[in-house]
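So you can see what is in the structure, the chains are spelled out below.
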Amino acid sequence: MMLKDRVALITGASRGIGQTIAELFIKEGATVINGDITVSGTSLTKVADRLYEVKLDVSNSAGVKAVIDAIVKAHGKLDILVNNAGICPPMGPNVEEVSQEEWDKVLKVNLGGMVACTNAALPHMRAAKFGRIISMASIAGETGGVASSIAYSASKAAIIATTKVVAKKEGLNNITANCIAPGWIITEMTKDHKQNLSLCPMGKRGETLDVAYAALYLASEMGRYITGTTMDVNGGVYMQ
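Just so it is clear, the structure is predicted and the values come from calculations on it, not from any experiment.

Describing the packing of aromatic side chains
Applying the stated criterion across every chain, the model contains zero aromatic pairs. The ring of phenylalanine 130 carries arginine 6 above its face, with NZ or CZ at 3.9 Å from the centroid.

Thoughts on empty space enclosed by the protein
On inspection of all chains with the given rule, the structure shows one cavity of 30 Å³ or more. Computed from the structure, the largest cavity encloses a volume of approximately 70 Å³. Taken together, 14 residues line the largest cavity, and the ones lying closest to its centre are Asn83, Asn84, Ala85, Asn110 and Met114. Every element with two or more residues in the lining of the largest cavity is listed here: α3 (100-128), β6 (131-136) and α5 (150-170). Looking at side-chain class alone, the lining of the largest cavity contains seven nonpolar, six polar and one charged residues.

Let's talk about the pattern of salt bridges
The full count for this structure, using the stated rule, is six salt bridges. Lysine 65 is the partner of aspartate 69 in a salt bridge, and the nearest nitrogen-oxygen pair spans 2.7 Å. Here aspartate 69 and its partner lysine 65 are both found in helix α2 (residues 61-75), four residues apart, which amounts to about one turn of the helix. Taking the relative accessible area as the measure of exposure, aspartate 69 reaches 28% and is therefore partly exposed. Relative accessible area serves as the criterion here: at 48%, lysine 65 is assigned to the partly exposed category. Here arginine 126 ties to glutamate 170 by a salt bridge, and the two come within 2.9 Å at their closest N and O atoms. Placement of the pair is arginine 126 in helix α3 and glutamate 170 in helix α5, with a sequence separation of 44 residues. Classification of glutamate 170 as buried rests on a relative accessible area of 5%. Taken together, the shared-partner salt bridges in this structure form one network comprising Arg6, Lys77 and Asp79.

Let's talk about the environment of leucine 218
Mapped onto the secondary structure, leucine 218 falls in helix α6 (residues 208-219). Residues in contact with leucine 218, not counting those within four places in the same chain, are Arg132, Ile134, Asn178, Cys179, Ile180, Gly223, Ile226 and Met231.

A word on the sheet that holds strand β3 (residues 45-48)
Reading across from one edge, β3-β4-β2-β1-β5-β6-β7-β10 is the order of the eight strands in this open sheet, with mixed pairing throughout. At either margin of the open sheet sits one strand with a lone partner, and together these are β3 and β10 (230-233). Between one strand axis and the next, the sheet turns through 20° on average, direction left out of account. Relative to strand β7 (residues 175-182), β6 runs parallel, the two being bridged by six bridges. Bridge pairing links serine 135 to cysteine 179 in β7. The strands touched by α5 are β6, β7 and β10; relative to β7, the strand with the most contacts, the crossing angle is about 160°.

Some points on the pairing of strand β1 (residues 7-11)
The buried count for β1 comes to five of five residues, which makes it a mostly enclosed element. Bridge count between β1 and strand β2 (residues 31-36): five bridges; the pairing is parallel. Opposite valine 7, over in β2, you have threonine 31 as the bridge partner. Since β1 and β2 lie parallel, the crossover through helix α1 (residues 16-27) that links them has a hand, and here it is right-handed. Alignment of β1 against strand β5 (residues 80-83), held across three bridges, turns out to be parallel. Bridge pairing in β5 links isoleucine 10 to valine 82.

What counts and how
Residues numbered from 1 in each chain as written. Predicted model: local features only at pLDDT ≥ 70, side-chain atom pairs only at ≥ 80, totals over all residues. Heavy atoms only, no water. Phe/Tyr/Trp six-rings, centres within 6.5 Å; stacked < 30°, edge-to-face > 60°. Lys NZ or Arg CZ within 6 Å of the ring centre and 35° of its normal. 1 Å grid on protein atoms, 1.4 Å probe; cavity = no way out; pocket = protein on both sides within 12 Å on 5 of 7 lines; lining within 4 Å. Points joined across faces, edges and corners; volume = space filled by probe spheres on them. Helix = DSSP H or I, 4+ residues; strand = E, 2+ residues; numbered from the N terminus. Nonpolar A, V, L, I, M, F, W, Y, C, P; charged D, E, K, R; others polar. Salt bridge = Lys/Arg side-chain N within 4 Å of Asp/Glu carboxyl O. Buried < 20%, exposed > 50% of the residue type's maximum accessible area, 1.4 Å probe, protein only. Contact = heavy atoms within 4.5 Å. Pairing = 2+ DSSP bridges. Axes fitted to C-alpha atoms, helices over the stretch in contact; angles between N-to-C directions. Right-handed = clockwise from strand over helix to strand, strands pointing away.

Here it is, written out as structure tokens:
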């Protein structure tokens, strides 16, 4: 098993990409904590073999620190952090019509949540001299999405830049930091979206498992010398 005895926090793992990552990590031997705002319990609760859950609002930095400290207290460490939680409002007809309220909310959850979780995890990872931080970016953060809010694209671009800084700062502590940038992935939220598949060299939309496999690679020993990068999972829609 590729993640035997690892402890992983995956934010927003109650559905979609996060849920599939959690399922794959457990299959590969990890103990997984789903930190999701939709969870009712405010304390760590075991819900299945090697699966725990806890209510987590990633935009609340004090709450994030309390949850991560509780994870380390209960399990002795935190090896892997997957910053997956996020929101994605649709793009309106005009850029200037995006409200300040939307800008603030999207940046606070998507970028602020990634920063809060990373900041809370780093001291524990430094102490252990081991860590894998994986943050969910997006093709929209690389190319400028037109289906999702401009605030969403901006937040994902900022996550990519922030990840590079963390990678540069923490390499000597045996902590890697990487992004995954999904493209057209079928989830409950996006299953009815229409894409021009002629623009995709593989001619089809991706599945959540495609993203989960990328996360597994980066979290495992196979990705031990990879840091500061953005792994594209988009079927070739965008090529660097």
